[in-house]
Amino acid sequence: MQCNAMRHRTSLTKNHLGDLLLVASITKSLSDSGTRNLNPSLHLSPSIFLQILTNPSLPPSKKLHFFHWSPPHLHSPSAYSAMLRAALLSDVPPLLQSMSRDGVVLDSHSFHHLLHSSILSGNFVLALQILDYMENNSVSLSPAMYSSFLIALVRKKQVPLALSIFYKLLESSSGFVDSANSVACNELLVALRKEGMRVEFKQVFDRLREKESFVFDTWGYNVCIHAFGCWGDLDTCLTLFKEMKDKSGGVAPDLCTYNSLVTVLCRVGKVNDALVVWEELKGSGHEPDEFTYRIVIQGCCKAYRIDEAMRVFNEMQNNGLRANTVVYNSLLDGLFKARKVSEACQVFEKMVEEGVKTSCWTYNILIDGLLKNGRAEAAYTLFCDLKKKGQLVDGITYSIVVLQLCREGQLEEALQLVEEMETRGFAVDLVTITSLLISIHKHGRWDWTDRLMKHVREGDLVPSVLKWKAGMEASLKNPPSTKKDYSPLFPSKGDFSEILSFITSAQDISPDSQDSGIKDEEADEWSPSPHMDKLANKVSSTGYSSQLFTPTRGQRVQEKGPDSFDIDMVNTFLSIFLSKGKLSLACKLFEIFTDAGVDPVSYTYNSMMSSFVKKGYYTEAWAIVTEMGEKLCPADIATYNMIIQGLGKMGRADLASAVLDRLLKQGGYLDIVMYNTLINALGKAGRINEVNKLFEQMKSSGINPDVVTYNTLIEVHSKAGRLKDAYKFLKMMLDAGCTPNHVTDTTLDYLGREIDKLRYQRASILSEKDDPS
């Protein structure tokens, strides 16, 4: 028996050695001359065939030729699997076709390897071919493999492809959409949010919520709250927050959740609520971090609550958190808008001293702020210094200075700066071209458009603008519709005095004002933010969905690419026509392009409404307000400025005050223009005590009065016979370093005449007393 065993082992050893020699011989022959010198009658076992296919020293092309040369009975699933792993990706489609002909189906692990390799190489066409093959041959990957595939697509920035694969998996019975694959779903939602694909995000969100097998984890809830918050959808955010708190199984709001909620509160103008939540978080289980502080500071600055912003900033530093460039930029922007130039300069010096990196945006804020606060010389000096250094200057910097030159009527210098801008490689954007167009029109120099073409040589933006202008002028001369229609452009639906009832109508009442009839749910005594719980409960009870006020100011130029080009140009030419008092022409332009399907935005409506109010057409102005409401175009601070101005001209200062109260309750804010408008309206109505209260409120909110404020205060007090108070405001103006202008001179002339008249009256009274008769 021992001899037989030894002979058997010897035979196995000889066979193994023979196989090795045969593999080595075939491999050498393939390496030297391919399959030309191979004997067609060569007998190969499946084991030898696999050893040759998996030999790492043999190039993939040689293996492929050998595979096709070999007889079909050797083309087993193992052989195909080895060949697919060794082949180049370009050779995979023919191999898949060969598998179909041979009726071979591989295991899912091999397909997972193929998918992974194709995605890593960026060959998404091949990945789709592999998926189609799997579908046609009823091969299914495990949910975990599908999850990895979807994540890979998202991380490779192939979001549309990932979305289509997601829907395909959703339709299948693969069991992909369950809580085990929440990571892939979350990554897809993050990518959709970053790409701004709001509709697609909502569709995926809704489809996931329809699946009973899928439950959002904390990350998923945070992703959705952040996304809807970015789009200003406070109601959905609060609903998700409440749902998140009611969940069990490890799902609970964390600091990221609260940061996202504070962000959306600030974004929709509810800074009061954001500050309450921020105060509640301090000392709770979720201590505010640098992101929380940054969000609150940005929200306060945008809502002109500068003193609050500085208080939060100081607390941030006292707690040992370092403010970054974004925080300093927000403070600088807010201080300049509040006319606090000295404080802004001090903050900038502090930023430099602490070694915080300045950016182009930092200097753009500085230059723009100095220009708008009457410090043009300092702004130009800074701009020239930055240009000499050749850093921290971009196209926006040039655009800011070009706009200022256009305002000052220095069109020649503006065009030269545009030429320099392009020479330095900065793109001349639509904002810059719009500023030049308006200035050209003001000077009546449309022949200078040729010079504009000469200066802006790169790109096709200027030709597009000029082509649009030519088309617009042709449309104005020959309107598309030849039928005469005498119906008003903005049909009257009431009177301007009805504004208060309009903005407090049932469909536009916010959760803050709907306290009646609502019972708060039992408070969670362990909650880090009871105020947020209260807001969420109110939204659930009322179903509030509309937004009356947007803190984002409407812009003439949106700069959103081809989709906004038409409305940008409509807004530009409306500005041109209305600045010249050509209201009928502006109305004609508005009608032509709205009939053509161009949707107006807040700036469009505000421009038309401003002209109607200035000309005393209050019925038409009221019709614009109602149309904005019907088209769900939220009013901004400029809209409310026009409403207050119109009510003031109508002598309805009482309504103006009521509208102001409603604005503040809706999350609105008052900028310096609104304060000046209200002071003027109340002053002309003789409500001087309210004027003085408003002035104190303005200062306490952190906004410094400007020359318009002081001129208005001096005028209304003079006309009310309060000459001492008028003189007090004049002294206050000079002490504050506010430079008077020509309006100040006219106002002071009136004040001087009133003082002389008063002195004359007093002298007359004294002379009558001294008269013995």
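As a starting point, this report considers the structure included with it. Given the structure is predicted, the values throughout are model-derived calculations rather than measurements. (Residues numbered from 1 in each chain as written. Predicted model: local features only at pLDDT ≥ 70, side-chain atom pairs only at ≥ 80, totals over all residues. Heavy atoms only, no water.)

1. Focus: the overall build of the chain
(1) Moving on: A tally of helices and strands in the chain yields 39 helices and zero strands.
(2) Moving on: Looking at the 773 residues of the chain, the share that counts as buried comes to 47%.
(3) Moving on: The long-range share in the chain, meaning contacts at least 24 apart out of those at least 6 apart in sequence, stands at 68%.
(4) Moving on: Entry remark: accessible area of the chain is about 37900 Å², with carbon and sulfur atoms responsible for 52%. (Helix = DSSP H or I, 4+ residues; strand = E, 2+ residues; numbered from the N terminus. Buried < 20%, exposed > 50% of the residue type's maximum accessible area, 1.4 Å probe, protein only. Contact = heavy atoms within 4.5 Å. Areas by Shrake-Rupley, 256 points an atom, 1.4 Å probe, with all protein chains shown as cover.)

2. As for helix H35 (residues 672-684)
Three or four residues apart is the spacing at which side chains of an α-helix point the same way, because the helix has 3.6 residues per turn.
(1) Moving on: Taking 1.5 Å per residue as the helical rise, H35 with its 13 residues ought to reach 18 Å, and the 18 Å between its terminal C-alpha atoms agrees with that figure.
(2) Moving on: Within H35, 10 of the 13 residues are buried, leaving the element largely enclosed by the surrounding structure.
(3) Moving on: Those residues of H35 not exposed but buried are Ile672, Met674, Tyr675, Asn676, Thr677, Leu678, Ile679, Ala681, Leu682 and Gly683.
(4) Moving on: Within two residues after H35, Gly686 carries a phi angle of roughly 80°, on the positive side. (Expected span 1.5 Å × (residues − 1).)

3. What to know about the environment of Met650
(1) Moving on: Within the fold, Met650 resides in the loop between helix H33 (637-649) and helix H34 (653-665).
(2) Moving on: Residues Met650 and Phe496, spaced 154 residues apart in sequence, show a C-alpha to C-alpha distance of 9.0 Å.
(3) Moving on: Apart from residues no more than four positions distant in its own chain, Met650 is found in contact with Asp495, Phe496, Ser497 and Tyr618.

4. Points about unusual backbone geometry
(1) Moving on: Phi is positive for Tyr304, close to 60°, though the residue is something other than glycine.
(2) Moving on: Mapped onto the secondary structure, Tyr304 falls in the loop between helix H16 (290-302) and helix H17 (306-318).
(3) Moving on: We classify Tyr304 as buried; its relative accessible area is 9%.
(4) Moving on: You will see that Arg339, though not glycine, has its phi angle at about 65°, which is positive.
(5) Moving on: Residue class for Arg339 comes out partly exposed when judged on its relative accessible area of 26%.

5. Focus on H33
(1) Moving on: With 13 residues, H33 should cover 18 Å at 1.5 Å per step; its first-to-last C-alpha distance of 18 Å lies within 8% of that length.
(2) Moving on: Listing the buried residues of H33 in full gives Ile637, Thr639, Tyr640, Asn641, Met642, Ile643, Ile644, Gly646 and Leu647.
(3) Moving on: Its side-chain oxygen placed 3.1 Å from the backbone nitrogen of Ala638, Asp636 serves as the N-cap of H33.
(4) Moving on: Among the residues trailing H33, Gly651 stands out with phi positive, at a value near 80°. (Polar contact = N/O pair within 3.5 Å; in protein donor to acceptor, adjacent residues only side chain to side chain.)

6. Details of the packing of helix H2 (residues 46-53) against helix H3 (residues 60-69)
(1) Moving on: As a packed pair, H2 and H3 sit with axes 10 Å apart at the nearest point and diverge in direction by 155°. For the element pair H2 / H3, the angle class is roughly antiparallel. Facing Phe49, Ile52 and Leu53 of H2, the residues of H3 in contact are Lys63, Phe66 and Phe67.
(2) Moving on: Here the residues of the contact of H2 with H3 sort into five nonpolar, no polar and one charged. (Axes fitted to C-alpha atoms, helices over the stretch in contact; angles between N-to-C directions. Parallel < 35°, antiparallel > 145°, perpendicular 65-115°, else oblique. Nonpolar A, V, L, I, M, F, W, Y, C, P; charged D, E, K, R; others polar.)

7. Quick notes on the side chain of Thr397
(1) Moving on: Structurally, the position occupied by Thr397 is in helix H22 (residues 395-407).
(2) Moving on: If sequence neighbours within four positions are ignored, Thr397 has contacts with Asn364, Ile367, Phe383 and Leu392.

8. Remarks on a nonpolar patch on the surface
(1) Moving on: A cluster of nonpolar side chains, contributed by Leu17, Leu20 and Leu21, occupies part of the molecular surface with about 290 Å² of accessible area.
(2) Moving on: Structurally, the position occupied by Leu20 is in helix H1 (residues 2-33).
(3) Moving on: Taking relative accessible area as the criterion, Leu20 reaches 39% and is therefore assigned partly exposed. (Patch = residues over 30% accessible without salt bridge, like charges linked within 9 Å, V, L, I, M, F, W, Y side chains within 5 Å. Salt bridge = Lys/Arg side-chain N within 4 Å of Asp/Glu carboxyl O.)

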